[in-house]
Amino acid sequence: MKLTLFLFFIVSASFCFSQKLDEKFLEGFNFRNVGPAGMSGRITAIDVVLAHPEHIYIGSASGGVWESKDGGIVWKPIFDDQPALSIGSIKINQQNPGEIWVGTGEGNPRNSQNSGKGIFRTLDGGRTWASMGLTDTKAIHRILIDRLQPSTIYAGALGSSWGPNQERGVFKSVDSGKTWNKILYTNDRSGVADMVMDPDNPRKIIAALWEFGRTPWDFNSGGPGSGLYITYDGGGKWKRITDEEGIPKGNLGRIGLAIAASSPDIIYALIEAKENGLYKSSDGGEHWSLVSTKNIGNRPFYYSELYVDPKNENRIWNLYSTVAQSEDGGRTFTGGLGGVHPDHHAFWIHPDNPNYLIEGNDGGLNISRDGGRTWYFCSNIPVGQFYHINIDHEY
């Protein structure tokens, strides 16, 4: 039997090398995805239908929006026909989960960043999409929905990474995206680095503006347009938080924000400054104090993502080249995700079951059901990014 198989392969190989392949032979073949097996691509946004927590939507830096209805086993693309596949944010209207908002344009302005074409909405769970404006914002990094009035939407626009433009800052719509008003703006080089809403009071919002600029050969992070702002009336009036309230003096860079759902008066801010630091407010954002300058991250222009356990205001997840965890309100951080691709940009924690975590990084998407001790890598999301191309001059 072994000899027969050996002879078969020898004859087959000889035939393949000696015969010219007829192209018609290939007409019956179709390409199918057999990977990625080792890595996927940068995941930038995550949201989940809370009534059906196995129903997950994710956005990628250059591969559109993907949907899974079975907790991350099977995935399908649902945004491929739209004019921009770079995704900065995803937000589900939890009162009507078929309504999903997507902000295009990645919010991480590295030298390979792709710009977007505004904000989009679906009313049928992603089968069809409509452009809802803000087409010149280039990158929409955050979207918030007023849970008491879901027709009120806030879009945090980062703006162009490659030059000044005025279509950046915080935009608000009270008619489900038919019209938009710019309600927070400092200058044409400053956009929204982060934006959080008080879970008990949707009219209270804290926004971090960030002045930055990229060229092919350089990058600037920080300037007079950066700052931390708070509103209590849905953006009618904003108060700027300054060093008098406890944040650093001088020009600030990127700021990441996180609010504790279990105790909304506790807010954390990861602030890029002359000395980067993690700051904490215990009175809802009115006053701040420095918690730590150690082990809080690197490359703040690329990361600055903080998340708080919804059941434990002292447990913080800090995303950067690793994922660090604090159990003492940010005074100390430990950790790192073993076996998980580095450079982390997106995170989701189930509001009632903090053991259920979803994490997105430069190499794809990972899911944990045990609070981060072990992770399942979703190997069938083919959104790997192509940074360079070349041609063969022989043909």
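Procedures and definitions
- All residue numbers here refer to positions counted from 1 along the written sequence of the relevant chain.
- For a predicted model such as this one, the threshold for reporting local features is a pLDDT of at least 70, and the threshold for listing and counting side-chain atom pairs is 80 or more; totals across whole chains, interfaces and linings nevertheless cover every residue.
- The side-chain figures draw on all heavy atoms in the structure; neither hydrogens nor water molecules are used.
- Strands are runs of DSSP state E lasting at least 2 residues, helices are runs of H or I lasting at least 4, and numbering of each runs from the N terminus.
- We take the radius of gyration over the C-alpha atoms and set the globule estimate at 2.2 Å times the residue count to the 0.38 power.
- Throughout this description, buried means an accessible area under 20% of the type-specific maximum (1.4 Å probe, protein chains only), exposed means over 50%, and partly exposed covers the range between.
- Should any heavy atoms of two residues lie within 4.5 Å, those residues are considered in contact.
- Stacked, tilted and edge-to-face pairs are distinguished by plane angle, under 30 degrees for stacked and over 60 for edge-to-face with tilted covering the rest, among Phe, Tyr and Trp rings (Trp via its six-membered ring) whose centres lie within 6.5 Å.
- A ring is scored as having a charge over it whenever the NZ atom of a lysine or the CZ atom of an arginine sits within 6 Å of its centre and within 35 degrees of its normal.
- By definition, two strands form a pair when at least two bridges between them are found by DSSP.
- Side-chain atoms alone can form a polar contact between residues adjacent in sequence; in general such a contact is a pair of N or O atoms within 3.5 Å, and within protein one must be able to donate a hydrogen while the other accepts it.
- pLDDT measures the predictor's confidence residue by residue and takes values from 0 up to 100.

1. Digging into the overall build of the protein
In step 1: When helices and strands are tallied, the protein shows 1 helix and 28 strands.
In step 2: Against the 2.2 N^0.38 benchmark of 21 Å for 395 residues, the protein shows a C-alpha radius of gyration of 23 Å, consistent with a compact globule.
In step 3: With respect to the principal axes defined by its C-alpha atoms, the protein has extents near 85 × 45 × 40 Å.
In step 4: Looking at the protein residue by residue over its 395 residues, the buried ones come to 55%.
In step 5: Look at the contacts in the protein between residues 6 or more apart in sequence, and 48% of them connect residues 24 or more apart.

2. What about the packing of aromatic side chains?
In this description, an aromatic ring pair is defined by two values, namely the gap between the centres and the angle between the planes.
In step 1: Inspection of the entire model under this criterion finds 12 aromatic pairs.
In step 2: Judged by centre distance (5.1 Å) and plane angle (50°), the rings of Y302 and Y303 are tilted. For the pair Y302 and Y303, a shared accessibility class is recorded, and that class is buried.
In step 3: Positioned over the ring face of Y185 is K182, at 4.0 Å from the centre of the ring.
In step 4: Its end group placed over the ring of Y356, R369 keeps NZ or CZ at 4.1 Å from the ring centre.

3. Focus on the sheet that holds strand 27 (residues 364–368)
In step 1: On the basis of which strands lie adjacent, the open sheet formed by 4 strands has the order 25-26-27-28 and antiparallel pairing. The open sheet has two free edges, formed respectively by strand 25 (344–349) and strand 28 (376–377), since each of these has just one partner strand.
In step 2: Bridging between strand 26 (residues 357–361) and strand 27 involves 5 bridges; their strand directions are antiparallel. Pairing of N361 across the sheet is with G364, part of strand 27.

4. Let's talk about the side chain of R110
In step 1: Among the secondary structure elements, R110 is positioned in the loop between strand 6 (100–104) and strand 7 (119–122).
In step 2: One polar contact links R110 to S112, side chain to side chain, over a distance of 2.9 Å.
In step 3: Within the structure, the side chain of R110 is placed 3.1 Å from the side chain of Y302, a separation counted as a polar contact.

5. A closer look at the side chain of R42
In step 1: Note that R42 resides in the loop between helix 1 (2–18) and strand 1 (43–48).
In step 2: Under the relative-accessibility criterion, R42 is labelled buried at 0%.
In step 3: Of note is the side chain of R42, whose polar atom sits 2.6 Å from the side chain of E106.
In step 4: Among the polar contacts made by the side chain of R42, one reaches the side chain of Y302 at a distance of 3.1 Å.
In step 5: With residues up to four places along the chain from it excluded, the contact list for R42 reads S60, A61, E106, R110, S112, Y302, H345, N361, D362, Q385 and Y387.

6. Side note on the confidence of the model for the protein
In step 1: Looking at the protein, the pLDDT average stands at 92 and 93% of residues meet or exceed 70.
In step 2: Of the regions scoring below 50 in pLDDT, residues 2–11 engages in 0 contacts with residues more than four places distant in sequence or in other chains.

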